[in-house]
Amino acid sequence: MEEAREPRGVHNPKVVDLISLDRERGEVVLLMLEQRVWGSAEGQLRQLEEKFNRYLSFVLDGFLVAQFPQYKDLPVCFRLDCAMSPGEEERRLLASMKSFAASHEIRFEVGVIQG
């Protein structure tokens, strides 16, 4: 019997959507996935903020290294892949997140999924 998996995406803060190693940059990448159009869901930015805070906790409280000891001492990057370019309101929140992440030596980047 297959175990049910939590859905991935910004709407579900309980899940780290994807963890990978960027060998070229030598950093651990924690991906957040937003497949919805910006502004299409009530509370979407609040969900993004909660997801970001959970990722911070996962890294800063030591859970990342506890689960993946091979990533100890590697720099971390949070990456948000979204379905469309962020609008003005989203860009303001993302700039704040980027600044806060940088204060903890975590790189934060945003990519737009070309589908």
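Read on for an overview of the structure. Please read these numbers as outputs of a predicted model, since none were measured by experiment. (Residues numbered from 1 in each chain as written. Predicted model: local features only at pLDDT ≥ 70, side-chain atom pairs only at ≥ 80, totals over all residues. Heavy atoms only, no water.)

### Regarding the overall build of the protein chain
Along its length, the protein chain carries three helices and four strands. Rg of the C-alpha trace for the protein chain: 14 Å, near the compact-globule value of 13 Å for 115 residues, within the 12% margin. Taking the principal axes of the C-alpha coordinates as reference, the protein chain spans close to 45 × 40 × 25 Å. Counting every position in the protein chain, which comprises 115 residues, the buried fraction comes to 37%. In the protein chain, the share of contacts with a sequence separation of at least 24, taken over all contacts with a separation of at least 6, comes to 69%. In the structure as shown, the protein chain presents an accessible area of about 7,300 Å², 49% of it carried by carbon and sulfur atoms. Within the protein chain, the 19 negative side-chain charges are centred at a point lying 1 Å from the centre of the 15 positive side-chain charges. (Helix = DSSP H or I, 4+ residues; strand = E, 2+ residues; numbered from the N terminus. Rg over C-alpha atoms; globule rule 2.2 N^0.38 Å. Buried < 20%, exposed > 50% of the residue type's maximum accessible area, 1.4 Å probe, protein only. Contact = heavy atoms within 4.5 Å. Areas by Shrake-Rupley, 256 points an atom, 1.4 Å probe, with all protein chains shown as cover. Lys, Arg positive; Asp, Glu negative; His and termini not counted. Charge placed at Lys NZ, Arg CZ, Asp CG, Glu CD.)

### Things to note about the nonpolar core
Core analysis: the biggest nonpolar cluster contains 24 residues, and Leu30, Leu48, Phe78 and Phe108 have the highest contact counts within it. Of all elements in the fold, only β2 (27-34), α1 (44-60), β3 (76-82), α3 (88-103) and β4 (106-112) reach the threshold of two or more residues within this core. The leading source of residues in this core is α1, at seven residues. Discounting chain neighbours no more than four positions away, the residues touching Phe108 are Met32, Phe52, Phe78, Leu80, Leu94, Met97, Lys98 and Ala101. (Core = buried A, V, L, I, M, F, W, Y, C linked by side-chain atoms within 4.5 Å.)

### Points about the pattern of salt bridges
This model, assessed by the stated rule, comprises 11 salt bridges. Taking the shortest distance from any N to any O, the salt bridge between Lys14 and Glu6 comes out at 3.5 Å. Note on Lys14: relative accessible area 59%, which makes it exposed. Among the salt bridges present, the one from Arg107 reaches Glu109, with a minimum N-O distance of 2.8 Å. Looking at Glu109, the relative accessible area reads 22%, which means it is partly exposed. (Salt bridge = Lys/Arg side-chain N within 4 Å of Asp/Glu carboxyl O.)

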